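One letter stands for each residue in the lines below.
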Amino acid sequence: MSDPSSSAAPRRAVTLSQIVERFGGQLLGEGGVRVDQVATLESATGSQISFFVNPRYRRQLEQTQAAAVIVKQETVGLIERSLIVCDDPYAYFGRVSDFLNPPEAVVPGVHPTAAIDADAQVHAGAYIGPLASVAAGAVIGERTFLGAGSHVGARARIGPDCRIHAGVCIYHDCSVGARAILHSGAVIGADGFGVAMLGERWLKIPQIGRVIVGDDVEVGANTTIDRGALDDTVIEDGVKLDNQIQIGHNCRIGAHTAIAGCVGIAGSTRIGRYCRIGGAAMIGGHLEIADNVEIGAATAVGKSISRPGTYSGALPMSPHAEWLKNAAHIRHLDRMAHRIRELEARLADLERKRR
Amino acid sequence: MSDPSSSAAPRRAVTLSQIVERFGGQLLGEGGVRVDQVATLESATGSQISFFVNPRYRRQLEQTQAAAVIVKQETVGLIERSLIVCDDPYAYFGRVSDFLNPPEAVVPGVHPTAAIDADAQVHAGAYIGPLASVAAGAVIGERTFLGAGSHVGARARIGPDCRIHAGVCIYHDCSVGARAILHSGAVIGADGFGVAMLGERWLKIPQIGRVIVGDDVEVGANTTIDRGALDDTVIEDGVKLDNQIQIGHNCRIGAHTAIAGCVGIAGSTRIGRYCRIGGAAMIGGHLEIADNVEIGAATAVGKSISRPGTYSGALPMSPHAEWLKNAAHIRHLDRMAHRIRELEARLADLERKRR
Amino acid sequence: MSDPSSSAAPRRAVTLSQIVERFGGQLLGEGGVRVDQVATLESATGSQISFFVNPRYRRQLEQTQAAAVIVKQETVGLIERSLIVCDDPYAYFGRVSDFLNPPEAVVPGVHPTAAIDADAQVHAGAYIGPLASVAAGAVIGERTFLGAGSHVGARARIGPDCRIHAGVCIYHDCSVGARAILHSGAVIGADGFGVAMLGERWLKIPQIGRVIVGDDVEVGANTTIDRGALDDTVIEDGVKLDNQIQIGHNCRIGAHTAIAGCVGIAGSTRIGRYCRIGGAAMIGGHLEIADNVEIGAATAVGKSISRPGTYSGALPMSPHAEWLKNAAHIRHLDRMAHRIRELEARLADLERKRR
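This structure is a prediction, so every number in the text was calculated from the model and none was measured.

1. As for the overall build of chain A
So, point 1. Check the secondary structure of chain A and you find 5 helices and 40 strands.
So, point 2. Taken over C-alpha atoms, the radius of gyration comes to 27 Å for chain A, far larger than the 20 Å a tight globule of 355 residues would show.
So, point 3. If one aligns the C-alpha atoms of chain A with their principal axes, the spans along those axes are about 90 × 70 × 35 Å.
So, point 4. In chain A, buried positions account for 57% of the 355 residues.
So, point 5. Looking at chain A alone, contacts between residues at least 24 apart form 21% of all its contacts between residues at least 6 apart.

2. Some remarks on the interface of chain B and chain A
So, point 1. Counting from both sides, the interface comprises 67 residues of chain B and, opposite them, 70 residues of chain A.
So, point 2. When residues of the side of chain B that touches chain A are traced back to their parent elements, those giving at least two are helix 3 (89–100), strand 40 (318–319), helix 4 (320–330) and helix 5 (333–354) of chain B.
So, point 3. When residues of the side of chain B that touches chain A are assigned to their parent elements, the largest contribution, 10 residues, is made by helix 5 of chain B.
So, point 4. For the side of chain B that touches chain A, the per-class residue count stands at 30 nonpolar, 26 polar and 11 charged.

3. Observations concerning the interface of chain C and chain A
So, point 1. Taken together, the contacts link 70 residues of chain C with 67 residues of chain A.
So, point 2. Listing elements by their share of the side of chain C that touches chain A, those giving two or more residues are strand 22 (195–198), strand 23 (201–204), strand 38 (300–301), strand 39 (309–312), helix 4 (320–330) and helix 5 (333–354) of chain C.
So, point 3. Ranked by the residues each element gives to the side of chain C that touches chain A, the list is headed by helix 5 of chain C, at 7 residues.
So, point 4. For the side of chain C that touches chain A, the per-class residue count stands at 32 nonpolar, 24 polar and 14 charged.

4. Overview of the relation of the copies chain B and chain A
So, point 1. In screw terms, the move from chain B to chain A is a rotation of 120° and a rise of 0.0 Å along the axis, fitting with an RMSD of 0.1 Å. Such values leave the two copies arranged in the relation of a three-fold axis.

5. Some words on unusual backbone geometry
All names here are of chain B.
So, point 1. Located in the positive-phi region is Tyr 274, a residue other than glycine, with phi close to 55°.
So, point 2. Relative to the helices and strands, Tyr 274 resides in the loop between strand 33 (270–271) and strand 34 (276–277).
So, point 3. Using a count of 18 C-beta atoms within 10 Å as the deciding quantity, one classes Tyr 274 as partly exposed.
So, point 4. Unusually for a residue other than glycine, Ala 298 sits at a positive phi of about 60°.
So, point 5. Residue position: Ala 298 is located in the loop between strand 37 (293–295) and strand 38 (300–301).

6. Focus: the domain arrangement of chain A
So, point 1. You can read the domains of chain A as domain 1 (14–100), domain 2 (109–311) and domain 3 (320–354).
So, point 2. The straight-line distance from the C-alpha centre of domain 1 of chain A to that of domain 2 of chain A is 36 Å.

7. What about the sheet that holds strand 34 (residues 276–277) of chain C?
So, point 1. In space, the 12 strands of this open sheet follow the order 40(A)-39(C)-37(C)-34(C)-31(C)-28(C)-25(C)-20(C)-17(C)-14(C)-11(C)-8(C), with mixed pairing throughout. Both outer strands of the open sheet, strand 40 (318–319) of chain A together with strand 8 (109–110) of chain C, are each paired with one neighbouring strand and no more.
So, point 2. Sheet topology note: the strand 28 (residues 240–241) of chain C/strand 31 (residues 258–259) of chain C ladder contains 2 bridges and is parallel. Paired with Leu 241 of chain C across the bridge in strand 31 of chain C is Ile 259 of chain C.

8. Remarks on the pairing of strand 23 (residues 201–204) of chain B
Residue and element names in this part refer to chain B.
So, point 1. Pairing geometry for strand 22 (residues 195–198) and strand 23, over 4 bridges, is antiparallel. Looking at strand 23, one finds that Leu 198 is bridged to Arg 201.
So, point 2. Turn length for the strand 22-strand 23 hairpin, with the two strands adjacent in sequence and antiparallel, is 2 residues, and the turn residue Gly 199 shows positive phi of about 65°.

9. Points about the packing of helix 4 of chain B against helix 5 of chain C
So, point 1. One way to put it is that helix 4 of chain B packs onto helix 5 of chain C with a least axis distance of 7 Å and a crossing angle of 65°. Where helix 4 of chain B approaches helix 5 of chain C, its residues Lys 325, Asn 326, His 329 and Ile 330 of chain B are matched on the opposing element by Leu 333, Asp 334 and Ala 337 of chain C.
So, point 2. Class assignment for the residues of the contact of helix 4 of chain B with helix 5 of chain C results in 3 nonpolar, 2 polar and 2 charged.

10. With respect to the relation of the copies chain C and chain A
So, point 1. The operation relating chain C to chain A is a screw motion whose rotation component is 120°, with 0.1 Å of axial translation and a residual RMSD of 0.1 Å.
So, point 2. A share of only 20% of interface residues in chain C that are also interface residues in chain A marks the association as one of differing surfaces.

11. Some points on the environment of Arg 12 of chain A
All names here are of chain A.
So, point 1. Inspection of the secondary structure assignment puts Arg 12 in the segment before strand 1 (14–15).
So, point 2. By the C-beta count within 10 Å, which is 12 here, Arg 12 ends up exposed.
So, point 3. Residues Arg 12 and Arg 34, 22 residues apart in the sequence, show an inter-C-alpha distance of 10.0 Å.
So, point 4. Ignoring sequence-local partners within four residues, the contact set of Arg 12 consists of Asp 36 and Leu 100.

12. Focus: the sheet that holds strand 15 (residues 151–152) of chain A
So, point 1. Spatial strand order, 9-12-15-18-21-26-29-32-35-38 (chain A): 10 strands in an open sheet with parallel pairing. The outermost strands of the open sheet, each flanked by one partner alone, are strand 9 (115–116) and strand 38 (300–301) of chain A.

13. Description of the packing of helix 5 (residues 333–354) of chain A against helix 5 of chain B
So, point 1. Direction vectors running N to C along helix 5 of chain A and helix 5 of chain B enclose 30°, while the axes themselves pass 10 Å from each other. The angle between the axes of helix 5 of chain A and helix 5 of chain B places the two elements in the roughly parallel class. The crossing of helix 5 of chain A and helix 5 of chain B is left-handed. On helix 5 of chain B, the residues touching Met 336, Arg 339, Ile 340, Leu 343, Arg 346, Leu 347 and Leu 350 of chain A of helix 5 of chain A are Ala 337, Ile 340, Leu 343, Glu 344, Leu 347, Leu 350, Glu 351 and Arg 354 of chain B.

14. Description of helix 4 (residues 320–330) of chain A
So, point 1. Those residues of helix 4 of chain A that fall on the buried side of the exposure criterion are Trp 323, Asn 326, Ala 327 and Ile 330 of chain A. Looking straight down helix 4 of chain A, one finds its buried side chains confined to an arc of 105°; they lie on one side. In helix 4 of chain A, those exposed residues whose orientation departs by more than 90 degrees from the buried face are Ala 321 and Leu 324 of chain A.
So, point 2. Tucked into the core, helix 4 of chain A has its buried residues touching strand 40 and helix 5 of chain A, helix 4 and helix 5 of chain B together with strand 39 and helix 4 of chain C.

15. Some thoughts on the confidence of the model for chain A
Residue and element names in this part refer to chain A.
So, point 1. In this model, chain A carries a mean pLDDT of 94, and residues with pLDDT of at least 70 account for 97%.
So, point 2. Considering only residues more than four positions removed or in separate chains, one finds that residues 1–6, a stretch of pLDDT under 50, has 23 contacts.
So, point 3. Both scores are available for the predicted complex, with the pTM at 0.96 and the ipTM at 0.95.

16. Describing the environment of Arg 201 of chain B
So, point 1. In this structure, Arg 201 of chain B sits in strand 23.
So, point 2. Its 13 C-beta neighbours within 10 Å are what place Arg 201 of chain B among the partly exposed residues.
So, point 3. Not counting the four nearest positions on each side in its chain, Arg 201 of chain B is found in contact with Gly 238 and His 256 of chain C.

17. With respect to the environment of Ser 306 of chain B
So, point 1. Tracing the chain through its elements places Ser 306 of chain B in the loop between strand 38 and strand 39 (309–312).
So, point 2. Along the backbone, Ser 306 of chain B and Arg 346 of chain B are 40 residues apart, and their C-alpha atoms lie at a distance of 41 Å.

Scoring rules and cut-offs
Residues numbered from 1 in each chain as written. Chains lettered and ligands numbered in written order. Predicted model: local features only at pLDDT ≥ 70, side-chain atom pairs only at ≥ 80, totals over all residues. Helix = DSSP H or I, 4+ residues; strand = E, 2+ residues; numbered from the N terminus. Rg over C-alpha atoms; globule rule 2.2 N^0.38 Å. Buried ≥ 20, exposed ≤ 12 C-beta atoms within 10 Å, placed from the backbone. Contact = placed C-beta atoms within 7 Å. Nonpolar A, V, L, I, M, F, W, Y, C, P; charged D, E, K, R; others polar. Least-squares fit on C-alpha atoms with pLDDT ≥ 70 in both. Domains from an automatic or database assignment. Pairing = 2+ DSSP bridges. Axes fitted to C-alpha atoms, helices over the stretch in contact; angles between N-to-C directions. Parallel < 35°, antiparallel > 145°, perpendicular 65-115°, else oblique. Left-handed = near helix turned anticlockwise from the far one by under 90°. Arc of directions from axis to C-beta. pLDDT = per-residue confidence, 0-100.

See below:
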């Protein structure tokens, strides 16, 4: 049985008229032109469609060979190409790409090398890849794809229409909703980091909660989400997690929050809905982050945030020699502030006497 | 053969009197009340026991439905519940949880889909999960659990009573002591990062050391510990490592040190005993960190620390607009310091003339 | 079939004369002395050869039992040992180590538990380990070693002489050149993080590019390299990547660049050739980094770098109490700068009146 992990099937083709009919926007150009793929301005050929929003790609726009370009109203007139005019070219482009690149339909079946426990429930419409394993009591939903070498632990439940790539580990008793995408190396439900010092040794605190992942969640490669110590760790619907993110035990990530790569979130922190967290941000434990908060890349968040808005904290880089000179002062800012206060007092004194 | 990766067995139950008998402390309340699980104050039911130490959960304490709460002396009188009074409620709670949630006994056996080399030595009391592999010369100890899809390389030695979860890779010639817990995606013994520029190309330096992991060590999900370049990388007894930690070649981590998630430790650094390293701290190479050092989250450690104590260095986050204004000055602190010195000199001059 | 993942074969032995003949340098001492392994100054025995460059190991140099030490001219006379004198002892040592520790020859064969798709092309001179899987259309080159449990996706191409350790995942359509080394947990070709907000939900943008890895590349344990959104992500020849690095979609890493552990590089960034990036540095998206740039550990790079040189940005650590005092001021630097300007103006005013 082939591993149907991606098609190399002939592409759909669609005319510009059909695109506008389906997704809206205004077509300026030949409705009958056919496109069969999306591409960047730079690499697009005459059967591909591209988009333009970022002004830094102006030169590429002028030189593109794309059959058509999706643009904002303000771009009309800049080039002699067929255009589709809309409010949000990137999202429009995403929809066109999604249409031209549909996820391949799952061909049901169990690879003969997979190890399915006799007490597991694998839906007849699911696909279980080579050398994947499903433990006792686990449930795999309809049209779900379980990639090569992935492991679903005892009593874990995976919903329908999920794509679990090769090499994913889901621990016992965790659950994943519908339409989830889990990338290779993701680990769902390892023990949280709970220890207590008992005399001169660490005592491990049993981690008896689970991880509950909602619907339409994507989890990036090598991202880890720990099971709860007592209550569950919860990833709400529509959350998008990039690669190499660490989410500690008992966190709750609000619906439709997007988190970029290399972010760490310590235990018991609750992140609101529709937040956007930049890459490599580090968020402490037991915090509350409100809805609609945006956190800049490489920012260390050490306290709760109760108001929507953008928060930052990354240090600006400098040439090394400059940095050496400036960084040293950071350790003496308190002294510097004291000297300023002193100067102010002395100067005020002089000014008073002067009058 | 079922994957016995966790029990769903009926719980033990125990009376409050039995708890106090076993673990000490003072019982205030009905000794005959039975509990069968631990829980948070908020979610505990009448057959569960909870604990209280953090004052921010005061409201949850007042509203808890727990059968009993483990508290400090100072909490007595605050609520009308059965209490167990002790000095360290969190550690006490941990012991109760450990008692109520014993690790499941390992059922010996080798899953028929596992690939055990003819020259490997797997103890008859060990369990080897589905699709796990054990290479030639490797040794697996008594009552050790090797999870689905895990790999033990040639001549590696795993002690007794270890729990190696699904998807762990242990490279050739490494060793792991007794009672270790290794979580999914952990990689023990990959090559350290050793290259030398030879003309215009990097030459790879063979990494001929090993990783030696002591007894009672826990290694989190997707944590990586590199083998030594020449001598070994050593993780001493009782070390607790959270997820996504990177430990470079030739490091030595002292006994009973605990390291939170996302920490990176560059090569040849030696960390003392009983250290506590906060999440996302980054520790440079060839450093020596003394015993009993605590390092704050997101701190960059660029030099050795010879005295016990707490060290920090994370930047405080701000609202973005504020940050933009303040961060710019960091790159001009040296100039700022210079201006202060100048002001001081000029003012002193004026003051002198004034006299 | 044994897993030949490392030899425990008897070592080669070589005389000092033969070393100098092969690698150059000047021998001071007995040419007939045989060595069979490299070692640190501290642990070397009388049949091993060591090297000395870092002055902090002076004491170890004086006490070493090594048969010979590779040193710079300036070290001659410090000890009574056989010496090999050369310009770059570390690189010289690397070449000797490489000679004494050759990678084990790959014994061709396919482990009976491996799952090779009928439409895959595995070279007869390749080795496929236990429980590894190769999907339809994939190509595995001559003398390439595919470790236990690794997965090569549909239509992926792996060149000759690669060593892919256990537990690596390579997604469909990606390619890896000759002589690559990929460590456990590396994930090549997972989807980039591409989403667009559509109403109140994230739309996933299909990631239709690939990852193209050049020749002589090493990829560390649990490092992730995302496939391109439209065009490919490219890792050029000779790039060396340590563990737990994240490389976003559409990045291009220039030839012979070396990147230390825990680095994150956001999407569409282009890094030049011969760059050196320190551990835990975080590099933003859509940037251009010139050739020969060195970036310090834990530095956040938020803008492009057009000139070679060294750039830094890590905060210096302090004892916690000091840090508390100083860090607070960082959030008020703008106010501090304002007060200094005010002081300067007032003082100038006083000085003017004084005249």
